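Analysis of the macromolecular model
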Amino acid sequence: MIIHMMLLMVIMGGCDVNVPDTRAFQDEFTKEFMQSTTETEEGYYTFESGTGGYTMLFPVEGQIDDSTYYNQNDVNEILRFGVQNEDANLDYGFQLTYEDRGATDRVDTNLKLLSNKVGYEGDFDVFQHNNNTYYYAKVDIENSTGYFIIGYIKADNDKKAIKFIKTISCLDRDQTCEIEIESEEERTQFIMKSIQFE
């Protein structure tokens, strides 16, 4: 990641390129994780984990919570970031827990830990994409209009994995908001499927 940061600084400084007016690049901590100032897909940059263990698409209006970021010797990383849509009164929170160790092969245990985190008691849908196996579920938040979308993404040929939790809720809890859960699931799976373990 340090190399990317240095290259980014050289590119931005040497070419006098303006920093994008997006939350991801206006936040000093968040922009350290972006591979380029150019959007990889419309509305998304490419994020590189501080461990060097994976990349994924990252919303241009996303901001990483530096106070909760955790990286233990590049084998365990906890990352939280948020996106707010004030026009729609929606708040999106993401938590990704990356691990690179043998414990990731204990899939049932990891699914149980993930379920316990959000109070989920159901089964997971399972599918494969680009050499990863995905365990996926949508969870209604009790007494709320919000949802959790959760996933466990396991590299098929490696001991790397990510526990993925997305929370969707009203930004202003005193006001109503409309959550179109099908399109929210599509957008969430779009980010999940962009994960590439290095």
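Above: the structure in question.
The text that follows walks through the structure, step by step, so that each part is easy to find. The residue count restarts for each chain, going from 1 along the sequence in the order it is written. A pLDDT threshold of at least 70 governs which residues receive local features in this predicted model, and a stricter bar of 80 or more applies before side-chain atom pairs are shown or counted, although totals over entire chains, interfaces and linings include all residues. Each side-chain value is derived from all of the structure's non-hydrogen atoms; neither hydrogens nor water enter the calculation.

**A few points about the packing of aromatic side chains**
Aromatic rings from Phe, Tyr and Trp, with only the six-membered ring used for Trp, were paired whenever their centres fell within 6.5 Å, and each pair was classed as stacked if the ring planes differed by under 30 degrees, edge-to-face if by over 60, and tilted otherwise. If you walk through the whole model with that rule in mind, you get 16 aromatic pairs. An angle of 45 degrees between the planes, with centres 5.8 Å apart, marks the rings of Phe47 and Tyr54 as tilted. Residue classification places Tyr54 among the buried positions, given a relative accessible area of 0%. A simple rule labels every residue: compare its accessible area, found with a 1.4 Å probe on the protein chains alone, to the largest value its type can have, and call it buried under 20%, exposed over 50%, or partly exposed in between.

**Some thoughts on the pairing of strand 2 (residues 54-59)**
Numbering of helices and strands starts at the N terminus; helices are DSSP runs of H or I of at least 4 residues and strands are runs of E of at least 2. Most of strand 2 is tucked away, with six of its six residues classed as buried. Strand pairing is assigned whenever DSSP identifies at least 2 bridges connecting the two strands. Here strand 1 (residues 44-48) pairs with strand 2 via five bridges, running antiparallel. Paired with Thr46 across the strands is Leu57, a residue of strand 2. Taking the residues that link successive antiparallel strands as the turn, the strand 1-strand 2 hairpin has five residues, and the phi of Gly52 there is positive, at about 75 degrees. In this structure, strand 2 lies alongside strand 11 (residues 196-197), joined through two bridges in antiparallel fashion. Paired with Thr55 across the two strands is Gln196, which belongs to strand 11.

**Digging into the sheet that holds strand 2**
Taken in spatial order, the three strands of this open sheet run 1-2-11, and their pairing is antiparallel. For this open sheet the edge positions go to strand 1 and strand 11, each flanked by a neighbour on one side alone. When checking whether two residues touch, look at their non-hydrogen atoms; a contact exists if any pair is within 4.5 Å. Only C-alpha atoms enter the line fits that serve as axes; for helices the fit covers just the stretch in contact. Angles between N-to-C directions range over 0 to 180 degrees. On the sheet, helix 5 (residues 181-193) packs against strand 1 and strand 2 and is oriented at approximately 150 degrees with respect to strand 2.

**Some details on the state of the cysteines**
When two cysteine sulfur atoms are found within 2.5 Å, that pair is recorded as a disulfide. In total, this model carries one disulfide according to the counting rule given. Disulfide partner of Cys170: Cys177, at an S-S distance of 2.0 Å. Sign of the S-S torsion, about -80 degrees for the bond between Cys170 and Cys177, identifies this disulfide as left-handed. Under the relative-accessibility criterion, Cys177 is labelled buried at 16%.

**Looking at the pairing of strand 1**
Among the five residues in strand 1, five count as buried, and that is most of the element. Here strand 1 shows no split at all, with Tyr44, Thr46 and Glu48 on one side and Tyr45 and Phe47 on the other all buried.

**Notes on the layout of surface pockets**
Definitions used throughout: a 1 Å grid over protein atoms alone; a cavity as a set of points that fits a 1.4 Å probe which cannot get out; a pocket as an open set with protein on both sides within 12 Å along at least five of seven lines; a lining residue as one with an atom within 4 Å of a point. Grid points are joined across faces, edges and corners, and a volume is the space filled by probe spheres set on the points. If you add up the space inside the largest pocket, you get close to 280 Å³. What lines the largest pocket is a set of 14 residues, and nearest its centre among them are Tyr44, Pro59, Val83, Tyr92 and Arg187. Residue classes follow a fixed rule: Ala, Val, Leu, Ile, Met, Phe, Trp, Tyr, Cys and Pro count as nonpolar, while Asp, Glu, Lys and Arg count as charged, and any other residue, Gly among them, counts as polar. Partitioning the lining of the largest pocket into residue classes produces seven nonpolar, three polar and four charged.

**Focus: helix 5**
Expected helix span is taken as 1.5 Å per residue step, with the number of steps being one fewer than the number of residues. The end-to-end C-alpha distance of helix 5 is 18 Å, a good match for the 18 Å that 13 residues give at a rise of 1.5 Å each. The secondary structure elements touched by the buried residues of helix 5 are strand 1, strand 2, strand 6 (90-100), strand 8 (132-140), strand 9 (147-155) and strand 10 (160-170).

**What to know about the nonpolar core**
Membership of the largest hydrophobic core comes to 39 residues, with the highest contact counts inside it found for Phe47, Tyr54 and Met56. Here Tyr54 is in contact with Phe47, Glu48, Ser49, Glu77, Leu79, Leu96, Tyr98, Ile162, Ile195, Gln196, Phe197 and Glu198, once residues within four sequence places are set aside. Of all hydrophobic cores here, the second largest spans 15 residues; its members include Ile141, Phe148, Ile150 and Ile165. Residues grouped as a nonpolar core are buried Ala, Val, Leu, Ile, Met, Phe, Trp, Tyr and Cys residues, joined through side-chain atoms within 4.5 Å.

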